[in-house]
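# Breakdown of the fold
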Amino acid sequence: MIAGLLGLVVAAAFAGAAFYVNVAEQPARLRLDDEALLAQWKPSYVRGFAMQSSLAVISGGLGLLAAWQLRDWRWIIGAALILANWPFTLLAMMPMNKRLSAWPAGSAGAESRALIASWGKFHAVRTGLGLAAAVVYFGLVSNPPG
């Protein structure tokens, strides 16, 4: 059960960080002028990607380990939810991320602002996946079989 409990802790950390971006960081950043908005988004994205991608892999791996150790397939549901952030990010968000990352300094405007605003909506999906994984893991930790 240790792997499952650790998977829950890491999924909750992922969900909390993602939630913070949606309710605090993104709204605050959108109050900046266009140049400052883009300048703030770029390093924030790089740091956030490194942290959240690692948390998703660790939590998913721990969920799969718990499923194997406990012989309980339900842990795979939580693992699949947290790991779903990877294909979602790579397929749905990465084109937007690359476009924003490559945006030349000094040329931010309405188009880059709209793209960052759209990015926030896509990021909310990642928040939802993290929260859903944490809820599944919590249910399994608090109500083990038998």
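Preceding this paragraph is the structure being described.
Residues numbered from 1 in each chain as written. Predicted model: local features only at pLDDT ≥ 70, side-chain atom pairs only at ≥ 80, totals over all residues. Heavy atoms only, no water.

## Concerning the environment of Asn97
Topologically, Asn97 is positioned in helix 4 (residues 85–102). Linking Asn97 and Trp119, residues 22 residues apart in sequence, is a C-alpha distance of 8.0 Å. Ignoring sequence-local partners within four residues, the contact set of Asn97 consists of Trp41, Tyr45, Thr89 and Trp119. Polar contacts involving the side chain of Asn97 include one to the side chain of Trp119, which spans 3.0 Å. (Helix = DSSP H or I, 4+ residues; strand = E, 2+ residues; numbered from the N terminus. Contact = heavy atoms within 4.5 Å. Polar contact = N/O pair within 3.5 Å; in protein donor to acceptor, adjacent residues only side chain to side chain.)

## Focus: the pattern of salt bridges
One pass over the structure, following the stated rule, counts four salt bridges. Residue Glu25 is joined to Arg29 by a salt bridge in which the shortest nitrogen-to-oxygen separation is 3.1 Å. Remark: Arg29 and Glu25 occur in helix 1 (residues 2–29); sequence separation between them is four residues, near one turn of the helix. On the accessibility criterion, Glu25 (14% relative accessible area) is buried. We classify Arg29 as buried; its relative accessible area is 2%. The shortest N-O distance in the salt bridge between Arg99 and Glu111 comes to 2.2 Å. Linking Arg99 in helix 4 with Glu111 in helix 5 (residues 110–142), this pair joins segments that are 12 residues apart in sequence. Using a relative accessible area of 41% as the deciding quantity, one classes Arg99 as partly exposed. Accessibility expressed as a relative area gives 48% for Glu111, which makes it partly exposed. (Salt bridge = Lys/Arg side-chain N within 4 Å of Asp/Glu carboxyl O. Buried < 20%, exposed > 50% of the residue type's maximum accessible area, 1.4 Å probe, protein only.)

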